[in-house]
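Chain and residue survey
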Amino acid sequence: MANVKFDKDTHTYTIADEAYPSVTEICEPISFKKLDALSKQILDNAARRGAKVHEAISEFVLTDEYDIEEMESDLIPYFAAFIEWWNTYRPTTLFSEFILGDANLGYCGTCDFIGRVDGKIVLIDFKTTSSVDVKYLAVQLAGYKRLLDARGINIDEAYVLHLKKTGAYSYRKIEPDYEWFDILQAHNKKMRCKNGRK
């Protein structure tokens, strides 16, 4: 399997120096309508917060260490919600911020968390948004699960862990929607070809 590279600054994935779309890019058409209603500042702040919370979680699940007092104050409730979930479910980490790609499938992506919970191998996507779009998640998780299948990593169930600014969380099982993912991937391929990209 070819080595997948990810450039954080440009959010670009490459396999053998060739750019491939991400699961996020493929799913963009079903998120645009909601995002168009928000200001750029709100979107930028949400993206920054989400990235920093994901980073803190990944560090914790890989090292079992954290210093909540060194965290920016607006991030603390989200991380506290994660710690509460962690202490309740006691997962075993298999992968965190796991970068995947497959040239045959034609796309790449980064899975937030893969681990063992209650004896099952689970794929979990972390969200720090004010609400969770279940349809979007079903499509997004289908893309990730297909990449994992291609690597021989069998996932029993997929979930969203919604971390809230109140310090609470919700943990919900999501059924991947492969049909919509296939539709959106075909659309993405068509648009990339039309714009002179692979």
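Quick caveat, the model's predicted, so the values are computed rather than measured. (Residues numbered from 1 in each chain as written. Predicted model: local features only at pLDDT ≥ 70, side-chain atom pairs only at ≥ 80, totals over all residues. Heavy atoms only, no water.)

A closer look at the pattern of salt bridges
Rule in force here: Within this document, salt bridges are pairs made up of a side-chain nitrogen of Lys or Arg and a carboxyl oxygen of Asp or Glu, the two lying within 4 Å of each other. For the purposes of this entry, the term helix denotes a DSSP run of H or I that reaches at least four residues, the term strand denotes a run of E that reaches at least two, and both are numbered from the N terminus. Summary of the burial criterion: residues with accessible area below 20% of their type's maximum are buried, those above 50% are exposed, and those between are partly exposed, where the area comes from a 1.4 Å probe applied to protein chains only.
What the rule picks out here adds up to 8 salt bridges. One salt bridge connects Glu72 with Lys52, and the closest N-O pair in it is separated by 3.1 Å. Remark: Lys52 occurs in helix α3 (residues 40-63) and Glu72 occurs in the loop between α3 and α4 (76-89); sequence separation between them is 20 residues. Given a relative accessible area of 34%, Lys52 falls into the partly exposed group. Among the ionic pairs, Lys145 bridges to Asp149, the shortest N-O distance being 3.8 Å. Residue Lys145 and its partner Asp149 are located together in helix α5 (residues 134-150), separated by 4 residues, close to a single helical turn. Taking relative accessible area as the criterion, Lys145 reaches 15% and is therefore assigned buried. What makes Asp149 partly exposed here is its relative accessible area of 35%. The network of salt bridges with shared partners includes Lys120, Glu157, Lys173 and Glu175.

Remarks on the sheet that holds strand β8 (residues 169-174)
Put simply, the rule reads: Two strands make a pair as long as DSSP finds a minimum of two bridges between them. To obtain an axis, a line is fitted to C-alpha atoms, over the contacting stretch when the element is a helix, and the angle between two such axes runs from 0 to 180 degrees between their N-to-C directions. Contacts are residue-level and defined by heavy atoms, with any inter-residue pair within 4.5 Å sufficient.
In space, the 5 strands of this open sheet follow the order β4-β5-β6-β7-β8, with mixed pairing throughout. With partners counted over all chains shown, the strands left at the sheet margins are β4 (92-102) and β8, one partner each. Direction aside, the axes of adjacent strands within the sheet are offset by 35° on average. In this sheet, strand β6 (residues 120-127) lies alongside strand β5 (residues 107-117) in antiparallel orientation, the contact comprising 5 bridges. Paired with Ile114 across the two strands is Leu123, which belongs to β6. Each of β4, β5, β6, β7 (157-163) and β8 touches α5; the most contacted strand, β6, lies at about 135° to it.

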